[in-house]
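# Topology and contacts: notes
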Amino acid sequence: QIEHGITGLLTPPRAPEAMAAAILELFAQPTRRAEMRQAAHVRATTHFSLEKMASGYLRVFQESVA
C-alpha cells in the first residue's frame, strides 16, 4: 500500500497531467525521492517479506485446523 507523501505519490485515476506533475516533482527533489524509496523498502521488507507471508499462512492453517 502506498502512503501518499511517505512511500510514494498517489494521483487520481485517468489523470495523466497529475501523474506527470508527480514524476516531475520527484525528479526535481532527489532527497525526497530517496527518502520515499527508503520508506517503501522498509515497508515492503517489514510487511511483505517471505517470512511474514509464511507466518501468515501458518497462522491461517493453524486456525482452520483448531
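Counting restarts for each chain, with residues numbered from 1 along the sequence as it is written. Whole-chain, interface and lining totals are the exception, using all residues; otherwise, since this is a predicted model, local features are given only for residues with pLDDT of at least 70 and side-chain atom pairs are given and counted only at 80 or more. To get the side-chain values, take all heavy atoms of the structure and skip hydrogens and water.

Salt-bridge detection follows one rule: a side-chain nitrogen of Lys or Arg within 4 Å of a carboxyl oxygen of Asp or Glu. Under the definition given, this model contains 1 salt bridge. Residue arginine 32 is joined to glutamate 25 by a salt bridge in which the shortest nitrogen-to-oxygen separation is 2.2 Å. Judged by its relative accessible area of 24%, arginine 32 falls in the partly exposed class. Burial status follows relative accessibility: with a 1.4 Å probe on protein chains alone, a residue under 20% of its type maximum counts as buried, one over 50% as exposed, and anything between as partly exposed.

A few words now on the confidence of the model for the chain. Here the chain shows a mean pLDDT of 95. Residues at 70 or above account for 100%. The predictor attaches a confidence to each residue, and that confidence, scored 0 to 100, is pLDDT. Strands here are runs of E lasting at least two residues and helices are runs of H or I lasting at least four, both read from the DSSP assignment and numbered beginning at the N terminus. No element of the chain has a lower mean pLDDT than helix 3 (residues 50–65), which averages 92, and none a higher one than helix 1 (residues 16–28), which averages 97.

Take helix 3 next. Given 3.6 residues per turn, any residue in an α-helix points the same way as the ones three and four places further on. Taking 1.5 Å of rise per residue, the 16 residues of helix 3 would be expected to cover 22 Å, and the 22 Å separating its terminal C-alpha atoms lies within 8% of that figure. Burial analysis of helix 3 places just 1 of its 16 residues in the buried class, which makes it a mostly uncovered element. Multiplying one less than the number of residues by 1.5 Å gives the expected span of a helix.

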